[in-house]
Amino acid sequence: MSDLTPQRFAGFHVPEVPLGPARLPDFLIIGACKAGTTTLWRYLQRHERVHMLEPKEPEFFAKDDIYSRGVEWYKSLFTAATADKVCGEASTTYSRWPHFGDVPERIHRASPSIKLVYMLRHPADRAYSHYRHRMRLNVPRMTFEEALASDAMFVDSSNYIMQIEKFLDRFPRESLRCVLLDDLKRSPGETLEGLQRFLGLTPADLTADSEVEANTAEAAGGDDYARQRLGAALRRAPFAHALARTLPPSLRNSLRDAYVRSPLGRRKAKEYKPSPFLPETRARLIESFIEPNRRLAEFLGRDLSFWNR
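A.B. asks: Help me understand the nonpolar core in this model?
C.D. replies: Of all hydrophobic cores here, the largest spans 59 residues; its most connected members are Leu-44, Tyr-74 and Tyr-94. Residue contributions to this core peak at five residues, all from strand S6 (residues 115–120). Ala-127, Met-135, Phe-144 and Phe-154 belong to the second largest nonpolar core, which has 13 residues in total.

Shown next as structure tokens:
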């Protein structure tokens, strides 16, 4: 489809008054889901030369119904950035092979020289966090063990070396930068400086105002579930969703917090009751990841034995 007039599609709008040319992004944060991608996205937004697409996940290369819009439509999403900006987007569905088809091939076909950033987290903990995230919007809900048995995506998305090898079938090693959530939490300044250099940016202190706390949604539990339900309701009401997007992020966050503290928000928060991460399930997952972790450690040239406990 070639019609690029302003319209709502998957939460994204083609800008009515472009600031820059239609273009492909310079880099992609390809995942992993629940591994700190939102934290990294927020950090990069602080750089004066970076334009991060908002909302965060267009999922263009992963979902057939969105990909069918065509690459020209995708390019038009980035016209909100001035020509001097380094553009990026973050879609965690890009590293969930084989559940979303040949994403690396689609990306390579559109932009063979694009840079790829891959966030990594303890694989068992990531899988459980992915489950908690999924259960916020799933009714009826399953235990973690039922979810693992019914959908291989929870485990496959934590098999990082398998995902990396799919991308390396299409892209050179130097186009990929892996970032451990442990490093971002422990040494955010150093980690972000290295990433900025990889992206061709003059490093800025992205932690100057404050550090972005990683994985706050997991700690928030039911509160974050209430925010998720509010977001889902807004997406079902196009006019309300469009109005919300005109508000500054700080005001949107304040309104979401007010909703969470409201009687309706507190009632919604009580609905969220994920099953616990049983020690025996964690031990079984850790055992299944030992060999992929060994191969990943060899690929990265670093010790990942702390992921085996």
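A.B. asks: What is the right way to read the packing of aromatic side chains from this model?
C.D. replies: Between two aromatic rings, the relevant description is the distance of the centres plus the angle of the planes. Under the defined criterion, the tally for this structure stands at 17 aromatic pairs. Measuring from ring centre to ring centre gives 4.4 Å for Phe-60 and Tyr-74, while their planes differ by 10°; the resulting arrangement is stacked. Of this pair, Phe-60 sits in the loop between strand S4 (50–52) and helix H2 (64–67) while Tyr-74 sits in helix H3 (residues 71–76), and the two are 14 residues apart along the sequence. What makes Tyr-74 buried here is its relative accessible area of 0%. When the ring of Tyr-128 is compared with that of Phe-277, the centres are 4.6 Å apart and the planes differ by 15°; the resulting orientation is stacked. With Tyr-128 in helix H5 (residues 123–135) and Phe-277 in the loop between helix H15 (263–270) and helix H16 (279–300), this pair connects stretches of sequence that are 149 residues apart. Here the two residues Tyr-128 and Phe-277 agree in accessibility, since each one is buried.

A.B. asks: It is not clear to me how the sheet that holds S6 should be interpreted in this structure. Could you clarify?
C.D. replies: Strand pairing within a sheet occurs via backbone hydrogen bonds; the two strands may be parallel or antiparallel. An order of S4-S5-S3-S6-S7 is seen for the five strands of this open sheet, with the pairing classed as parallel. Each edge of the open sheet carries a strand with a single partner, namely S4 and strand S7 (176–180). Neighbour-to-neighbour, the strand axes of this sheet turn through a mean angle of 25°, independent of strand direction. In this structure, strand S3 (residues 27–31) lies alongside S6, joined through four bridges in parallel fashion. Bridge assignment links Gly-31 to a residue of S6, and that residue is Tyr-118. Here helix H10 (residues 188–198) sits on the sheet and contacts S6 and S7; the angle it forms with S7, its principal contact strand, is near 170°.

A.B. asks: For this particular structure, what's the right way to read helix H4 (residues 103–110)?
C.D. replies: Given 3.6 residues per helical turn, the α-helix brings residues three or four places apart onto the same face. When we look at burial in H4, the residues that qualify are Val-103, Pro-104, Arg-106 and Ile-107. Angular distribution of buried residues about the axis of H4 spans 165°; they occupy a single face of the element. Elements that come into contact with the buried residues of H4 comprise S3, H2 and helix H8 (160–168). The N-terminus of H4 is capped by Asp-102, whose side-chain oxygen sits 3.2 Å from the backbone nitrogen of Glu-105.

A.B. asks: Which parts of the structure should I look at to understand the pattern of salt bridges?
C.D. replies: Pairing between side chains becomes possible if they bear opposite charge and their charged atoms approach one another. Taken as a whole and judged by the stated rule, the model has 16 salt bridges. The shortest N-O distance in the salt bridge between Glu-291 and Arg-294 comes to 2.7 Å. Residue Glu-291 and its partner Arg-294 are both found in helix H16; the two are separated by three residues, about one turn of the helix. Judged by its relative accessible area of 39%, Glu-291 is partly exposed. Among the charged side chains, a salt-bridge network with shared partners connects Asp-102, Glu-105, Arg-109 and Arg-170.

A.B. asks: Sorry if this is basic, but what is going on with the packing of H5 against H16 here?
C.D. replies: With their axes 8 Å apart at the nearest point, H5 and H16 run at an angle of 125° to one another. On the basis of their axis angle, the class for H5 and H16 is oblique. Contact with H5, carried on its side by Pro-123, Ala-124, Asp-125 and Ala-127, involves Arg-282, Leu-285, Ile-286, Phe-289 and Asn-293 of H16 and no other residues of that element. Class assignment for the residues of the contact of H5 with H16 results in six nonpolar, one polar and two charged.

A.B. asks: Honestly, unusual backbone geometry in this entry has me stumped. Any pointers?
C.D. replies: Apart from glycine, the bulk of residues carry a negative phi angle, and the bulk of peptide bonds sit in the trans form. Going from Gly-31 to Ala-32, the amide bond is cis rather than trans, its omega being 0°. Relative to the assigned elements, Ala-32 resides in the loop between S3 and helix H1 (37–45). With omega at 5°, the peptide bond leading from Trp-97 into Pro-98 counts as cis.

A.B. asks: What is the right way to look at the pairing of strand S5 (residues 86–90) in this model?
C.D. replies: Every other side chain in a regular strand lies on the same face of the sheet, so the side chains alternate between the two faces. For S5, the tally of buried residues reaches five of five residues, placing the bulk of the element in the interior. The side-chain alternation of S5 yields two buried faces, one formed by Val-86, Gly-88 and Ala-90 and the other by Cys-87 and Glu-89. Across three bridges, S3 lies against S5 in parallel orientation. Paired with Leu-28 across the bridge in S5 is Glu-89. Looking at chain direction, S4 and S5 are connected through three bridges and run parallel. Of the residues in S5, the one forming a bridge with Met-52 is Gly-88.

A.B. asks: Would you take a moment to explain H16 for this structure?
C.D. replies: At Ile-290, H16 shows its maximal kink, close to 45°; a proline, Pro-292, follows between one and four residues later. If you check which residues of H16 are buried, you get Thr-281, Leu-285, Ile-286, Phe-289, Pro-292, Asn-293, Leu-296 and Ala-297. Each element contacted by the buried residues of H16 is listed here: S6, H5, helix H6 (144–150), helix H7 (153–156) and H8. Directly after H16, the chain includes Gly-301, whose backbone phi takes a positive value near 70°.

What counts, and at which threshold
Residues numbered from 1 in each chain as written. Predicted model: local features only at pLDDT ≥ 70, side-chain atom pairs only at ≥ 80, totals over all residues. Heavy atoms only, no water. Core = buried A, V, L, I, M, F, W, Y, C linked by side-chain atoms within 4.5 Å. Buried < 20%, exposed > 50% of the residue type's maximum accessible area, 1.4 Å probe, protein only. Helix = DSSP H or I, 4+ residues; strand = E, 2+ residues; numbered from the N terminus. Phe/Tyr/Trp six-rings, centres within 6.5 Å; stacked < 30°, edge-to-face > 60°. Pairing = 2+ DSSP bridges. Axes fitted to C-alpha atoms, helices over the stretch in contact; angles between N-to-C directions. Contact = heavy atoms within 4.5 Å. Arc of directions from axis to C-beta. Polar contact = N/O pair within 3.5 Å; in protein donor to acceptor, adjacent residues only side chain to side chain. Salt bridge = Lys/Arg side-chain N within 4 Å of Asp/Glu carboxyl O. Parallel < 35°, antiparallel > 145°, perpendicular 65-115°, else oblique. Nonpolar A, V, L, I, M, F, W, Y, C, P; charged D, E, K, R; others polar. Bend = angle between axes of the 7 residues up to and from the residue.

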